Amino acid sequence: MSEVKLTAETRTEFGKGAARRIRRDSKVPGVLYGHGSDPLHLTLPGHDLLLALRTPNVLISLDIDGKTNELAIPKSVQRDPIKGFLEHVDLQLVKRGETVTVEIPVHTEGELAPGGNLLEHVLNALPVETEATHIPEAVTVSVEGLEAGASILAKDITLPKGTKLAVEEDAVVLQILASQAEEAAEGEGAEGEEVAEA
């Protein structure tokens, strides 16, 4: 797993006006918390942070005010719903060797059995426990030849060494559904009938 280095500054101004000023300077307000320490309010470089967050669960090495270095992972990212720019980020403090619970994306490979079957991602991301500096970027699951009615459970997914499930083993991650086109005409009948008034 790659480690991204970012330079951060502590901030003392809070509120919407301060946040707007920070974003005008192409920076992003954030909070670093964890390990029982007081939350540390930071200003982070917007473009570099945006690039870093393209990797799920990226490990960020923060140089804070040129004085301290901390490791963190993103826990919550707020984006503008229309323009998509970063509005705020919450970072969780981690230490090397520490176990963290994160969600890793589930990718699929292979073709389903012929016949118009549909693949449903019940879980888009799999909750796992893993070492903070070795978080897997994703897990890949083969759906080759699976037919309607088949499902893949959490326990069926091979995890990288040092990573274990943080969800029930029998949790459904993927399932294969039959095409629903034939069922569209069904379900009509009692609807539309008027109830006689007494």
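Up top is the structure.
Residues numbered from 1 in each chain as written. Predicted model: local features only at pLDDT ≥ 70, side-chain atom pairs only at ≥ 80, totals over all residues. Heavy atoms only, no water.

1. A word on the sheet that holds strand E8 (residues 118-121)
Inference 1: Taken in spatial order, the three strands make up an open sheet running E8-E13-E11, and their pairing is antiparallel. At either end of the open sheet lies a strand with only one pairing partner, and these are E8 and strand E11 (151-153). Going across the sheet, the axis of each strand differs from the next one's by a mean of 10°, ignoring polarity.
Inference 2: Across four bridges, E8 lies against strand E13 (residues 172-177) in antiparallel orientation. Across the sheet, the residue bridging to leucine 119 is isoleucine 176, located in E13. (Pairing = 2+ DSSP bridges. Helix = DSSP H or I, 4+ residues; strand = E, 2+ residues; numbered from the N terminus. Axes fitted to C-alpha atoms, helices over the stretch in contact; angles between N-to-C directions.)

2. Re the pairing of strand E9 (residues 125-131)
Inference 1: Of all seven residues in E9, five are buried; the element is thus mostly enclosed.
Inference 2: Sheet topology places strand E7 (residues 99-109) next to E9; seven bridges connect them, and they run antiparallel. Bridged to valine 102 within E9 is valine 128.
Inference 3: The pairing of E9 with strand E12 (residues 164-165) spans two bridges and is classified as antiparallel. Bridged to glutamate 129 within E12 is lysine 164. (Buried < 20%, exposed > 50% of the residue type's maximum accessible area, 1.4 Å probe, protein only.)

3. With respect to helix H1 (residues 16-24)
Inference 1: Those residues of H1 lying buried are Ala18, Ala19 and Ile22. Buried residues along H1 cover an arc of 100° about the axis, so they all sit on one side. Every exposed residue of H1 that faces more than 90 degrees away from the buried side is listed here: Lys16 and Arg24.
Inference 2: Taken together, the buried residues of H1 touch strand E2 (27-34) and strand E3 (37-45).
Inference 3: Among the residues trailing H1, serine 26 stands out with phi positive, at a value near 60°. (Arc of directions from axis to C-beta. Contact = heavy atoms within 4.5 Å.)

4. A few points about the layout of surface pockets
Inference 1: Estimates place the volume of the largest pocket at around 150 Å³.
Inference 2: Lining of the largest pocket is provided by Arg23, Ser26, Lys27, Val28, Gly46, His47, Leu50, Phe85 and Leu86.
Inference 3: Mapped onto the lining of the largest pocket, the elements with two or more residues apiece are E2 and helix H2 (46-52).
Inference 4: Take the lining of the largest pocket: its biggest share by element is three residues, from H2.
Inference 5: Grouping the constituent residues of the lining of the largest pocket by class yields four nonpolar, three polar and two charged. (1 Å grid on protein atoms, 1.4 Å probe; cavity = no way out; pocket = protein on both sides within 12 Å on 5 of 7 lines; lining within 4 Å. Points joined across faces, edges and corners; volume = space filled by probe spheres on them. Nonpolar A, V, L, I, M, F, W, Y, C, P; charged D, E, K, R; others polar.)

5. A word on the side chain of glutamate 131
Inference 1: Along the chain, the position of glutamate 131 falls in strand E9.
Inference 2: Buried charged residue glutamate 131 carries no salt bridge. Nearest counter-charge: arginine 96, at 6.9 Å.
Inference 3: Polar contacts involving the side chain of glutamate 131 include one to the side chain of threonine 133, which spans 2.6 Å.
Inference 4: In terms of polar contacts, glutamate 131 uses its side chain to reach the side chain of histidine 134, at 2.4 Å. (Lys, Arg positive; Asp, Glu negative; His and termini not counted. Salt bridge = Lys/Arg side-chain N within 4 Å of Asp/Glu carboxyl O. Polar contact = N/O pair within 3.5 Å; in protein donor to acceptor, adjacent residues only side chain to side chain.)

6. Details of the nonpolar core
For soluble globular proteins, the rule of thumb is that nonpolar side chains tend to be buried together.
Inference 1: Leu126 and Ile157 are the most contacted members of the largest nonpolar core, which totals 22 residues.
Inference 2: It is E7 that contributes the most residues to this core, four residues altogether.
Inference 3: With sequence-adjacent residues up to four places away left out, isoleucine 157 is seen in contact with Leu126, Val139, Val141, Ile152 and Val173.
Inference 4: Counting 18 residues, the second-largest nonpolar core is a separate cluster that includes Leu44, Leu62, Leu86 and Leu93. (Core = buried A, V, L, I, M, F, W, Y, C linked by side-chain atoms within 4.5 Å.)

7. Digging into the sheet that holds E9
Inference 1: With mixed pairing, the four strands of this open sheet are ordered in space as E10-E7-E9-E12. Looking at which strands have only one partner, the edges of the open sheet turn out to be strand E10 (139-142) and E12.

8. Considering the environment of valine 139
Inference 1: Looking at the secondary structure, you find valine 139 in strand E10.
Inference 2: Judged by relative accessible area, which is 3%, valine 139 ranks as buried.

9. Section: the pairing of strand E4 (residues 59-64)
Inference 1: Most of E4 sits inside the fold, with five of its six residues counted as buried.
Inference 2: Sheet analysis places strand E1 (residues 3-10) next to E4, joined by six bridges and oriented parallel. Residue pairing across strands places glutamate 3 opposite leucine 59, the latter belonging to E4.
Inference 3: With five bridges joining them, E4 and strand E5 (residues 68-79) adopt antiparallel strand pairing. Counted as the bridge partner of aspartate 63 is asparagine 69 from E5.
Inference 4: Adjacent in sequence and paired antiparallel, E4 and E5 are bridged by three residues, among which aspartate 65 carries a positive phi angle near 55°.

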